[in-house]
Amino acid sequence: MIIVVGAGPAGLAAAKSAASKGCHVTVIDSQARGGGQYWRHQTEVYGYKSNRSADYLNELQQNKLITHITGAQVWSAEKLGDGYQLNYLQGGVEKKISAQKIILTTGAYDRTLPFPGWTTSGVMTPGGAQSLLKGHGVVAGKTIVVSGTGPFLLPVATALATNGARVEIIEAQSPLRWALSPLALLLNPGKFPELIHYASAILRLKIKVSFGSAVTGYNDGEVDISKVRSNLSIRKKNVRSAPADVVATGWGFLPDVTLGGILGCAQTLDRDETVIFAVDREQRANVQNIWIAGEATGIGGADLALVEGAIAGLSAAGSKISVALIWKRFTKRLFARALQRSYPVGAGWQEWLADETVICRCEEVSCQEIIESVQELGAEDARTSKLFTRAGMGLCQGRVCSRNVSDIVAGTTKCAVSRNERLAASNRPIAAPISLGVLGDGIAG
Amino acid sequence: MKSPDAIVIGAGIVGASCALSLTNAGLNVLIIDRGSVSSGTTGAGEGNILVSDKEPGPELTLALRSRDLWFEMQEDVGDYFELEAKGGVVVARHDDSALLNLAYHQREHGVDARVVGQAELHNLEPYLHPEFHSGVFYPQDAQCQPMLAAAHLIRTVISRGGQFVSQAKVTEVLVKDSQVYGIQTSKGKFLAPVVVNATGTWAGEIARMAGSDLPIAPRRGFILVTEPAPQYIFHKVYDSDYVVNVASSDADLQTSTVVEGTRSGTILIGASRERVGFDGSKNIEILRKLAAQATSLFPVLRDVQLLRAYHGFRPYAPDHLPVVGEDAQVKGLWHSAGHEGAGIGLAPGSAALITDEILGRPSFMDASAFSPARFAMAKV
Amino acid sequence: MSNDISFFFNGEKFTGTKGQSIAAALIANGQRELRRTRFGEEPRSIFCGIGICFDCVVTIDGVANQRACLIEISSDMKVESSL
């Protein structure tokens with residue numbers, strides 16, 4: 001038996017390909033329905049081409065070789081003989097599942113950058129706005145500014161507008177940056193119809209789009225929009241304001257690397273210093289019998305996740321990987337690289353902050369406190385700053401702020417963030433909160 | 001850079017206390033650390049300043065003086081490190097005779113140890129499991145935020161003319177004719193006739209660099225941290241097994257629980273200890289055992305969620321006493337290490353002993369029980 | 001069969017649709033503020049929407065710090081924003 005952790009595109013593709021070779025697969029996921037954060041359970045969504053999810057979701061439900069465990073939060077994992085045991089919580093009860101082989105497809109979540117007013121209710125991530133809409137049928141607001149950088153802003157903005165919201169897009173980067181990646185465009189011709197789809201939707205829905213700008217403040221139902229350079233530093237502050245009852249702001253994605261970290265899988269830094277897993281040609285981690293696919297090996301979107309998932313599933317099933325599949329992954333990875341080049345997130349955002357701007361939302365630690373921990377108390381890295389200020393020690397365990405705290409500390413010491421600091425910041429011994437009662441009782445049986 | 005009178009290696013709480021004490025005695029001090037402030041065991045500490053867990057003897061004398069010195073340091077440096085005499089409550093699950101006997105002897109040595117019955121115990125800790133019917137209340141037990149404390153002590157040292165060089169790994173202890181005269185580090189050579197080794201679990205390594213020897217080994221201790229919760233716990237509360245455990249040299253895992261709340265609302269559950277070398281691997285069984293023990297003390301914690309767990313490596317000597325004093329073979333090399341889980345609590349007292357000895361002035365106690373020479377004598 | 005489910009938020013009765021998360025049902029009802037923060041007493045709502053950020057935590061039937069964006073409403077559930 002093979003366990004696939006995660007039921008997003010990578011997980012579903014892994015399950016499908018492993019099952020196609022006759023393997024029993026158990027897909028374990030935290031949501032009530034399959035599809036992951038991007039597809040969710042929907043087969044007809046507003047994003048381009050998402051209807052292909054139908055194939056995979058049908059497979060998940062109908063293939064007798066595939067079992068689907070839903071609503072399960074894996075909180076810890078351990079090596080057990082020559083296999084692995086995952087401990088998970090389902091409906092408040094702790095359970096375990098074990099297998100010799102594991103495929104991790106734990107996905108990603110929105111990366112956010114702080115700005116004055118970003119803790120006001122009404123500011124959320126594009127993923128949050130999308131989950132409200134796709135998962136729960138709720139349009140987050142009436143007048144929505146979608147801001148940040150990256151192509152994910154497009155399906156979110158068009159979906160919100162299709163459902164009646166007045167939407168404006170504030171994209172920090174210039175579309176001309178795509179000229180830096182001609183080969184990636186050439187090898188991914190399938191992306192052009194997608195672009196045309198969104199461009200026409202934007203025109204049809206009368207969505208206003210600005211480039212080279214960012215939301216650098218939010219107050220009293222109005223966003224402040226500044227002109228920014230490609231490293232996100234301010235070119236011209238507060239050039240205009242716009243009404244918004246919701247601001248959906250996202251700066252690409254951060255992979256969820258917690259579970260693989262607990263299992264000892266080697267992590268590395270992507271070109272943009274995001275912590276990802278190092279995998280080989282067949283998506284194998286450096287730990288025996290663990291494969292990793294999708295965003296956790298580098299942010300690349302659903303297309304790349306599907307290919308990586310298929311490769312991982314075949315490899316775990318002991319099958320040969322075709323050259324065609326490897327080539328396909330190569331072209332998708334090239335495109336993922338182009339995404340990084342076209343939508344970089346530089347450290348210039350620190351110019352947007354006020355002294356009192358909250359950086360750690362959980363423990364309410366301000367920018368000033370982090371800077372003082374360096375200047376007054378001698379913190380030289382995020383770990384020490386955290387011990388002094390409690391930034392990153394709250395409920396989310398630094399998932400939202402730790403990268404930003406590292407950058408602010410580095411901005412103050414004027415020393416670059418070390419590779420070790422980046423890697424250590426993603427190390428969390430417990431993947432999801434568990435009540436002490438349940439933990440102490442242990443697993444029955 | 002002015003040549004210092006003394007070099008303190010280690011920017012944890014033990015080194016910071018030494019540096020401040022020496023500075024206040026008029027010496028010019030240089031602090032060196034291979035990382036930054038509090039980057040070793042201090043950064044993984046709970047901030048225990050306990051007298052309740054010490055049996056009568058030299059360690060208790062040191063603990064009592066140390067505890068008072070903590071409050072004197074606060075006067076000196078400022079109220080920046082959450083120092084609080086929150087008090088300790090020790091309960092016995094089954095037979096309370098050992099606990100009551102300990103309290104009796106502690107009282108004879110100046111510890112404020114008040115035996116409390118059922119009503120008073122549950123008045124002190126309303127959420128404690130009703131099966132506990134007696135305990136001992138130790139009002140002197142205190143707590144601080146050790147990382148902030150180390151940082152502010154070092155800040156004060158610097159403001160009084162001392163220096164701090166971080167990210168400097170010691171590569172050599174310079175000794176001539178059995179007398180230390182400085183250290184070589186990754187950031188250069190520093191000379192001084194006095195070198196204090198306050199490097200905790202790494203103290204043995206520094207001693208070896210000087211051609212000496214110090215039997216300090218690491219002992220792993222876990223701490224569980226919960227989500228912020230309403231105030232359920234008002235003191236440091238622990239099972240009397242903890243006292244037995246601290247003095248154990250059994251290498252296998254032993255756990256007994258210390259539970260306490262913090263100012264930020266999180267609850268700390270600590271005190272598992274096992275001797276495992278520097279193995280950083282986690283063990284889910286330890287987490288389960290600590291959680292089970294904590295919830296058996298405080299059933300209300302069953303619904304409180306665990307957020308994270310971390311471990312630190314506590315330095316200890318074979319006889320479980322700290323090592324405070326001049327090296328047996330190398331003149332001018334002083335050790336303050338091996339405080340195990342009590343490093344925060346014992347730091348200022350140890351610093352006072354070292355300072356008094358270096359200056360050749362009388363001290364508050366006879367420190368021969370802590371002398372590094374005791375291991376050399378044991379060998380003979 | 002009706003898909004409507006009623007539940008309580010800070011003592012007030014709200015109605016949502018079966019399958020909706022607590023956060024979604026409250027936002028659909030125009031109730032955006034889910035809690036106040038511990039130190040600054042600042043209002044907070046949904047942020048990441050997928051269970052990562054813990055900004056939307058509420059007390060559900062007496063159990064604190066539950067993520068309103070993940071947990072579906074159920075009949076007569078008592079949701080409170082106090083810690």
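Refer to the structure presented above.
Residues numbered from 1 in each chain as written. Chains lettered and ligands numbered in written order. Predicted model: local features only at pLDDT ≥ 70, side-chain atom pairs only at ≥ 80, totals over all residues. Heavy atoms only, no water.

Visitor: What's the story with the interface of chain B and chain A in this structure? I'm lost.
Guide: One widely used convention gives an interface's size as the accessible area the parts lose upon coming together. Chain B puts 37 residues into the contact, and the matching count from chain A is 33 residues. Summed over both partners, the interface of chain B with chain A buries about 2,900 Å², with 59% contributed by carbon and sulfur atoms. A per-residue breakdown of the area chain B buries against chain A is headed by R288(B), L307(B) and R308(B), which together make up 23% of the total. At the boundary of chain B and chain A, one finds three salt bridges. Salt-bridge contacts for R288(B) lead to E94(A); the nearest nitrogen and oxygen are separated by 2.8 Å. The interface formed by chain B and chain A contains 13 residue pairs in polar contact (both at pLDDT 80 or more). (Contact = heavy atoms within 4.5 Å. Buried area = accessible area lost by both parts, 1.4 Å probe. Salt bridge = Lys/Arg side-chain N within 4 Å of Asp/Glu carboxyl O. Polar contact = N/O pair within 3.5 Å; in protein donor to acceptor, adjacent residues only side chain to side chain.)

Visitor: Mind showing me how you'd approach the packing of helix α1 (residues 9–20) of chain A against helix α9 (residues 301–316) of chain A here?
Guide: All names here are of chain A. The geometry of α1 relative to α9 is characterised by a closest axis approach of 7 Å and an angle of 35 degrees between their N-to-C directions. The hand of the α1/α9 crossing is right-handed. Between α1 and α9, the contacting residues are P9, A10, A13, A14, S17 and A18 on the first element and A302, A305, L306, G309, A310, G313 and L314 on the second. Looking at the contact of α1 with α9 residue by residue, the class counts come to ten nonpolar, three polar and no charged. (Axes fitted to C-alpha atoms, helices over the stretch in contact; angles between N-to-C directions. Helix = DSSP H or I, 4+ residues; strand = E, 2+ residues; numbered from the N terminus. Left-handed = near helix turned anticlockwise from the far one by under 90°. Nonpolar A, V, L, I, M, F, W, Y, C, P; charged D, E, K, R; others polar.)

Visitor: Where do I start with the packing of aromatic side chains in this structure?
Guide: A ring pair, where both rings are aromatic, is described by two values, the distance of the centres and the angle of the planes. Taken as a whole and assessed by the stated rule, the structure comprises twelve aromatic pairs over all chains. Both rings, one in W39(A) and one in Y56(A), keep their centres 5.7 Å apart while their planes meet at 35 degrees; by these two values the pair is tilted. Of this pair, W39(A) sits in helix α2 (residues 36–39) while Y56(A) is found in helix α3 (residues 53–62), placing the two residues 17 residues apart along the sequence. When sorted by exposure, W39(A) lands in the same class as Y56(A), which is buried. Ring plane angle 70 degrees and centroid distance 5.6 Å describe the contact between W70(B) and F81(B), whose orientation is recorded as edge-to-face. Separated by eleven residues along the polypeptide, W70(B) in helix α2 (residues 58–77) and F81(B) in the loop between α2 and β4 (88–91) bring together distant segments of the chain. Grouping aromatic residues by their ring pairs yields a cluster made of Y38(A), F152(A) and F253(A). Here the basic side chain of K134(A) rests over the ring of Y38(A), its NZ or CZ set 5.3 Å away from the ring centre. Between the NZ or CZ atom of R361(A) and the centre of the ring of F47(C), over which it lies, the distance is 3.6 Å. (Phe/Tyr/Trp six-rings, centres within 6.5 Å; stacked < 30°, edge-to-face > 60°. Buried < 20%, exposed > 50% of the residue type's maximum accessible area, 1.4 Å probe, protein only. Lys NZ or Arg CZ within 6 Å of the ring centre and 35° of its normal.)

Visitor: Which parts of the structure should I look at to understand the interface of chain C and chain A?
Guide: Each partner contributes to the interface: chain C provides 30 residues, whereas chain A provides 34 residues. Summing both sides of the interface, chain C and chain A together bury roughly 2,600 Å²; the carbon and sulfur share of this comes to 57%. It is R32(C), F47(C) and I52(C) that lose the most area in chain C upon contact with chain A, and together they represent 28% of the buried surface on that side. Linking chain C to chain A there are two salt bridges. Of the charged contacts in the structure, one is a salt bridge between R38(C) and E363(A), with a shortest N-O distance of 2.8 Å. Here chain C and chain A share 14 residue pairs in polar contact (both at pLDDT 80 or more) between them. A per-element tally of the side of chain C that touches chain A places helix α1 (residues 22–28) of chain C first, with three residues.

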